[in-house]
Amino acid sequence: MSETMRFDDRVAIVTGAGGGLGRAHALLLASRGAKVLVNDLGGSQHGQGADAQPADQVVAEIHAAGGEAAASYDSVEDGHKIVQAALDHFGRIDIVINNAGILRDVSFHKMKEIDWELIYRVHLYGSFKVTHAAWPYLREQQYGRVIMTSSSSGIYGNFGQANYGSAKLALLGFANTLAIEGEKRNIHVNSIAPIAGSRMTESVLPADLVEALKPDHVSPLVAYLCHESCSTTGELFELGAGWVSRLRWQRTKGAMFPANQPGTPEQIAAKWDQINDFTDADIPTSNHAAFGPIMDNLGRADAPNDDAADADEVMSLSREMFQQIHARIQEHPEWTKQVNELYQFHITGEQGGSYVVNLKDDGGSAYPGEDEMARCKMTLSHENLMAMLSGEITPQMAFMEGKLKIEGNVILAAKLAPLFA
Ligand code: NAI
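Everything numeric here is computed off the predicted structure, so don't read it as measured data.

A.B. asks: What am I meant to see in the site of the ligand here?
C.D. replies: Neighbouring the ligand are 30 residues; Leu 21, Asp 40, Asn 99, Tyr 164 and Ser 198 lie closest to it. Residue Leu 41 places a main-chain N or O atom 3.3 Å away from a nitrogen atom belonging to the ligand. At a separation of 2.9 Å, an oxygen atom of the ligand approaches a polar side-chain atom of Lys 168. For the shell around the ligand, the elements supplying multiple residues, two or more each, are helix H1 (20–31), helix H4 (113–141) and helix H6 (162–182). Classifying every residue of the shell around the ligand by side-chain character gives eleven nonpolar, 15 polar and four charged.

A.B. asks: Whenever I open this one, the domain arrangement of the protein chain confuses me. Can you help?
C.D. replies: For the protein chain, the domain assignment lists domain 1 (11–247) and domain 2 (265–420). On a C-alpha basis, the centres of domain 1 and domain 2 stand 41 Å from each other.

A.B. asks: Sorry if this is basic, but what is going on with H4 here?
C.D. replies: A turn of α-helix holds 3.6 residues, and therefore any two residues three or four places apart point the same way. Under the 1.5 Å per step criterion, the end-to-end length of H4 is 41 Å for 29 residues, consistent within 8% with the ideal 42 Å. Along H4, the helix axis deviates most sharply at Tyr 125, where the bend reaches about 40°. Residue Gln 142 follows H4 closely and has a positive phi angle near 55°.

A.B. asks: I would appreciate a short explanation of the packing of helix H3 (residues 79–90) against H4 in the present structure.
C.D. replies: Think of two packed helices as two axes; the pair is described by the angle between the axes and how far apart they sit. The N-to-C vectors of H3 and H4 enclose an angle of 45°; their axes lie 7 Å apart at closest approach. For the element pair H3 / H4, the angle class is oblique. In the crossing of H3 with H4, the sense of the turn from one axis to the other is right-handed. Packed against H3, whose contacting residues are Gly 79, His 80, Ile 82, Val 83 and Leu 87, the element H4 presents Lys 129, Val 130, Ala 133, Ala 134 and Tyr 137 at the interface. Residues that form the contact of H3 with H4 fall into these classes: seven nonpolar, two polar and one charged.

A.B. asks: How should the pattern of salt bridges be read in this particular structure?
C.D. replies: When their charged atoms lie close together, side chains carrying opposite charge are able to pair. Applying the stated rule across the entire model yields 15 salt bridges. For the salt bridge of Lys 337 with Glu 183, the shortest nitrogen-to-oxygen distance reads 3.9 Å. Placement of the pair is Lys 337 in helix H13 (residues 334–339) and Glu 183 in the loop between H6 and strand S6 (187–194), with a sequence separation of 154 residues. Between Glu 211 and Lys 214 there is a salt bridge, with the nearest N and O atoms lying 2.7 Å from each other. Each of the salt bridges in this network shares a partner with another, and the network as a whole consists of Arg 10, Arg 92, Asp 94 and Glu 228.

A.B. asks: Quick question: what am I supposed to make of a nonpolar patch on the surface here?
C.D. replies: There is a patch of nonpolar side chains on the surface, built from Phe 291, Ile 294 and Leu 298 and spanning about 280 Å² of accessible area. With respect to the helices, strands and loops of the structure, Leu 298 is situated in helix H11 (residues 287–302). Residue classification places Leu 298 among the partly exposed positions, given a relative accessible area of 42%.

Conventions and cut-offs
The residue numbering used here restarts from 1 in each chain and proceeds along that chain's sequence as written. pLDDT decides what is reported in this predicted model: residues at 70 or higher carry local features, side-chain atom pairs at 80 or more are listed and counted, and totals for whole chains, interfaces and linings draw on all residues regardless. Excluded from the side-chain calculation are hydrogens and water; included are all heavy atoms of the structure. Any residue with a heavy atom lying within 4 Å of a molecule or strand is counted as near it. In protein, a polar contact requires one atom able to donate a hydrogen and another able to accept it; more generally it is a pair of N or O atoms within 3.5 Å, and residues adjacent in sequence count only if both atoms are side-chain atoms. Starting at the N terminus, helices and strands are each numbered in turn, a helix being any DSSP run of H or I of at least four residues and a strand any DSSP run of E of at least two. Nonpolar residues are Ala, Val, Leu, Ile, Met, Phe, Trp, Tyr, Cys and Pro. Charged residues are Asp, Glu, Lys and Arg, and all others, Gly as well, are polar. Each domain span listed reflects an automatic or database assignment of domains. Given a helix with a known number of residues, its expected span is that number minus one, times 1.5 Å. Bend at a given residue is defined as the angle between two axes, one fitted to the seven residues that end at that position and one fitted to the seven that begin there. In this analysis, axes come from line fits to C-alpha atoms, helices being fitted only over the stretch in contact, and the angle between any two N-to-C directions falls in the range 0 to 180 degrees. Should an angle lie under 35 degrees it is considered roughly parallel, over 145 roughly antiparallel, and from 65 to 115 roughly perpendicular; all remaining angles are considered oblique. In this scheme the handedness of a crossing depends on how the near helix is turned from the far one: anticlockwise by less than a right angle means left-handed, clockwise means right-handed. The contact rule is simple, with two residues in contact once any of their heavy atoms fall within 4.5 Å. The working definition used for a salt bridge is a side-chain nitrogen of Lys or Arg within 4 Å of a carboxyl oxygen of Asp or Glu. Candidate patch residues must exceed 30% relative accessible area and have no salt bridge, after which like charges are joined if within 9 Å and Val, Leu, Ile, Met, Phe, Trp or Tyr side chains if within 5 Å. In short, Shrake-Rupley with a 1.4 Å probe defines the accessible areas, and a residue's cover is counted only from the protein chains shown. Classification of residues uses two cut-offs on accessible area relative to the type maximum, computed with a 1.4 Å probe and protein chains only: under 20% is buried, over 50% is exposed, and between them is partly exposed.

As structure tokens, this is what we get:
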């Protein structure tokens, strides 16, 4: 059995913690030693009014169970006040759980600007305000765990929730960028798309389902993601009623068109099946990786070919090999963490070209082009590259035999061994 995960000396802000999911997160963290700032405005489900009672009640529950907590009644729109309250009560902040939320469901053609505005203000602007005020403290102490509460309504769309769905998916984009910006300082940011019986769902779900979908089922994942031992960041989890899963983007291999002149709608129509075919789909995990095929196609535009030719047909051997390398990298996301380097390849001969292999932490791609940041530059023929790819010779052997020329940091070349294994 693994060690009990404790949160002693950690301070957590949980917004909207006067009921539902936020209350469950607050109770669980407090039961494991965290000092919790229980924030709740206490307004109606549609965002009207205010009441101190929900936050006070949860604080009382935590105290009764022997835990430490304090109440905050500010709206998340005044996030700086909530952060200040945590500092005043407990002196620091380690965990921010952006959970407060309201609903203003209405079909889009009946939606008023106020329905859009209030949802945006509580969910997106509120999460921004609280996180933005806490961020300098998390950076300074080089530690932080942040949760955004997204929703399947944003991921998949849901009738009557154009306002809510868009704000909820915006939170995912917000979290993904903060995860990148925070990583170096050990600030991890993850998103959840939960399902739970609560005040929010009791009007749309049958009573027995509301009862069965207990918010307490969502909190263990949230607590795990907020624990110091958890290294996960920038991920999205869907969960509820004891089911926990991770969600990611998938992208078809797509179709290539000549990049040196705009195509036509008819060309798109001709390749529609290929564009929509998810066989052997890619799983891009970074903005950089997302650019891979585009850079690849731009590289093709420079290749000597007759411009009427179909770009899918004109591909040099070295380009094919770097596509293979790209695919291998995509299959092994762990390499970027292990290697964390950028490499420049120059392939000599008619079938050659310049390629970048990006195994930086936020990378994971191979594409035609040059990158001055590469600290290790390798020159070889496409025949020798093929021999290395098929495992006939190792990079070390190729180097010793003069088949591979290395400029810059030679030692870094050895880190590429798994790529050619
Ligand atoms: P809930 O209505 O029980 O809890 C939300 C809490 O946020 C309430 O206590 C409310 O007073 C508080 N709140 C509202 N506006 C606030 C503001 N401006 N400042 C501070 N507090 C405020 O709802 P539930 O279900 O617990 O929802 C929690 C979060 O989970 C929400 O962000 C919601 O959108 C999200 N969510 C819930 C799902 C579910 O199935 N229950 C599904 C997907 C997402």
